[in-house]
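# Examination of the molecular architecture
Listed below are the residues making up each chain.
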2 protein chains.
Amino acid sequence: MPQGQPTVVPDDGLTTRQRRNKPLLVVHTGDGKGKSTAAFGLALRGWNQGWNIGVFQFVKSAKWRIGEQTVLERLGRLHEETGEGGPVEWHKMGSGWSWTRKHGDSEDHAAAAVEGWAEIKRRLAEQTHDLLVLDEFTYPLAWGWIDVEDVVTALRERPGRQHVIITGRRAAPQLLEAADLVTEMTKVKHPMDAGQKGQRGIEW
Amino acid sequence: MPQGQPTVVPDDGLTTRQRRNKPLLVVHTGDGKGKSTAAFGLALRGWNQGWNIGVFQFVKSAKWRIGEQTVLERLGRLHEETGEGGPVEWHKMGSGWSWTRKHGDSEDHAAAAVEGWAEIKRRLAEQTHDLLVLDEFTYPLAWGWIDVEDVVTALRERPGRQHVIITGRRAAPQLLEAADLVTEMTKVKHPMDAGQKGQRGIEW
């Protein structure tokens, strides 16, 4: 190629404007606090834009309900009642995803994680949500339960304008490579270090 | 002191249980995203506990309203209407704090910051809120507008059970020293690097 020619024109078929406004893949990783909290904060912001919000919590045992779930589901009902904001769905793996009726084999977390990802792939293809939070999704990837390449391909090829936020430690390099925005939360000081226990309203 | 004696018994007049449940001073700092978003996420969680929430935004020009403000103020009205959650006050420096009637000298940001801190000190003494978010409060400290030692003393001596979250870059060492929980948000990758502009629903 002759010198002086632009060498970095992304081969993505997009105009500059389209590229600027392309939907984001966001990753919150690192050992510090705030990865999920900041993701749910973004969901709050999206709700206010009237977006359809889908939260998927890949936690092994989600017996407890965190404050954000109560509030975001309340905001979803507010949308139904008054038209304010957007609809909200909040699903957690726990002892079986809420869209399935079977809760028998709740101990097979790997199978449940695979099932969760299959459902998310369907929703991405159908453009069900405007913003998807895949909370603690890095773990089933790190443990080899879900194929990282399959995830990255589905995310890269997702149609329309779907923002996706993934949280969790040990994010795979391929995921970081595919992401538009990556923030690492680093623990500098934590009250557990000084013998304090988790507190209501702060930790959940 | 004889060897074998405990050397580190905090001289704070608290029992171990009280020390475990002591209200937290939380700092979100670093150059990355999510410092404020995670703080507002904690406010959401606190609202769900029925806490009285006070947000104070130390931004020079807060002409725009971010999604979190709309949603948290809506939740505050929901509390008034139905008793759900807790009350919410959201104040921003902008062109004069909302509790003052004078908006004349809106260009004197240093004076406005000092006035904001004086009001917060009054509220801490009166235990007005259960959770205070002092958003971007590190900047008036870093610029020398507000005395760091005065802030740290007032925070250390605050009565009752008031959680305080401070956000912003360049947090003063004395503030980090006084904090119970410090998280640093580090930018790993940002869409601005690839020529993308801030987007509605993501940046505000």
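Going by the structure above, here's the rest.
Because the structure is a prediction, the values reported are computed rather than measured. (Residues numbered from 1 in each chain as written. Chains lettered and ligands numbered in written order. Predicted model: local features only at pLDDT ≥ 70, side-chain atom pairs only at ≥ 80, totals over all residues. Heavy atoms only, no water.)

### Side note on the overall build of chain A
- Helix and strand counts for chain A come out as 7 helices and 6 strands.
- Along chain A, helices and strands appear, N-terminal first, in the series α-β-α-β-α-β-α-β-α-α-β-α-β.
- Residue burial in chain A is summarised as follows: out of 204 residues, 50% are buried. (Helix = DSSP H or I, 4+ residues; strand = E, 2+ residues; numbered from the N terminus. Buried < 20%, exposed > 50% of the residue type's maximum accessible area, 1.4 Å probe, protein only.)

### Focus: the sheet that holds strand E4 (residues 131-135) of chain B
- The strand order across the open sheet built from 12 strands is E3(A)-E2(A)-E4(A)-E5(A)-E1(A)-E6(A)-E6(B)-E1(B)-E5(B)-E4(B)-E2(B)-E3(B), with neighbouring strands paired in mixed fashion. Of all the strands in the sheet, just strand E3 (88-92) of chain A together with strand E3 (88-92) of chain B have a single pairing partner and so form its edges. Averaged over all pairs of adjacent strands, the angle between strand axes in this sheet comes to 15 degrees, irrespective of strand direction.
- In this structure, strand E2 (residues 53-57) of chain A lies alongside strand E4 (residues 131-135) of chain A, joined through 5 bridges in parallel fashion. (Pairing = 2+ DSSP bridges. Axes fitted to C-alpha atoms, helices over the stretch in contact; angles between N-to-C directions.)

### Focus on the pattern of salt bridges
- Applying the stated rule across the entire model yields 16 salt bridges over all chains.
- Between Glu 68 of chain A and Arg 45 of chain B there is a salt bridge, with the nearest N and O atoms lying 2.6 Å from each other. Here the residue Glu 68 of chain A occupies a position in helix H3 (residues 67-82), and Arg 45 of chain B occupies one in helix H2 (residues 35-48), the pair thus bridging two chains.
- Look at Glu 68 of chain A and you get buried, because its relative accessible area is 0%.
- Residue classification places Arg 45 of chain B among the buried residues on the basis of a relative accessible area of 7%.
- Linking Glu 89 of chain A and Arg 123 of chain A is a salt bridge whose minimum nitrogen-to-oxygen distance equals 3.0 Å. Here Glu 89 of chain A, found in strand E3, pairs with Arg 123 of chain A, found in helix H4 (residues 109-126); they are 34 residues apart in sequence, far enough to count as distant.
- Residue Arg 123 of chain A is classed as buried on the basis of its relative accessible area of 9%.
- One salt-bridge network, held together by shared partners, links Glu 89, Glu 119, Arg 122 and Arg 123 of chain A. (Salt bridge = Lys/Arg side-chain N within 4 Å of Asp/Glu carboxyl O.)

### Re helix H6 (residues 148-156) of chain B
Residue and element names in this part refer to chain B.
- Here H6 has its buried residues at Val 148, Val 151, Val 152, Ala 154 and Leu 155. Angularly, the buried residues of H6 cover 165 degrees about the axis, an arc narrow enough to put them on a single face.
- Summarising the contacts, the buried residues of H6 are in contact with strand E1 (25-29), helix H4 (109-126), helix H5 (138-142), strand E5 (163-167) and helix H7 (173-178). (Arc of directions from axis to C-beta. Contact = heavy atoms within 4.5 Å.)

### What about the side chain of Thr 167 of chain B?
- With respect to the helices and strands, the residue Thr 167 of chain B is situated in strand E5.
- Of the polar contacts made by the side chain of Thr 167 of chain B, one reaches the backbone nitrogen of Glu 136 of chain B; its length is 2.8 Å. (Polar contact = N/O pair within 3.5 Å; in protein donor to acceptor, adjacent residues only side chain to side chain.)

### Observations regarding H3 of chain A
- A rise of 1.5 Å per residue sets the reference length of H3 of chain A, with its 16 residues, at 22 Å; its end C-alpha atoms lie 22 Å apart and thus fit the reference within 8%.
- Of the residues making up H3 of chain A, those classed as buried are Gly 67, Glu 68, Gln 69, Val 71, Leu 72, Arg 74, Leu 75, Gly 76 and Leu 78 of chain A.
- The secondary structure elements touched by the buried residues of H3 of chain A are helix H2 (35-48) and E3 of chain A together with H2 and helix H3 (67-82) of chain B.
- Looking at the residues trailing H3 of chain A, positive phi occurs at Gly 83 of chain A, about 80 degrees. (Expected span 1.5 Å × (residues − 1).)

### A word on the pairing of strand E2 (residues 53-57) of chain B
Residues and elements named next belong to chain B.
- Within E2, 5 of the 5 residues are buried, which leaves the element mostly enclosed by the surrounding structure.
- With 5 bridges connecting them, E2 and E3 associate as parallel partners. Across the sheet, residue Gln 57 finds its bridge partner in E3, namely Lys 92.

### As for the packing of H4 of chain A against helix H6 (residues 148-156) of chain A
Residues and elements named next belong to chain A.
- Where H4 meets H6, the closest approach of the two axes is 10 Å, and the angle between their N-to-C directions is 15 degrees. Taken as axis vectors, H4 and H6 run roughly parallel relative to one another. Crossing angle aside, the handedness with which H4 passes H6 is left-handed. Mapping the contact onto sequence places Trp 117, Lys 121 and Leu 124 in H4 and Asp 150, Val 151, Ala 154 and Leu 155 in H6. (Parallel < 35°, antiparallel > 145°, perpendicular 65-115°, else oblique. Left-handed = near helix turned anticlockwise from the far one by under 90°.)

So far we have only geometry, and geometry alone does not tell us how the molecule works.
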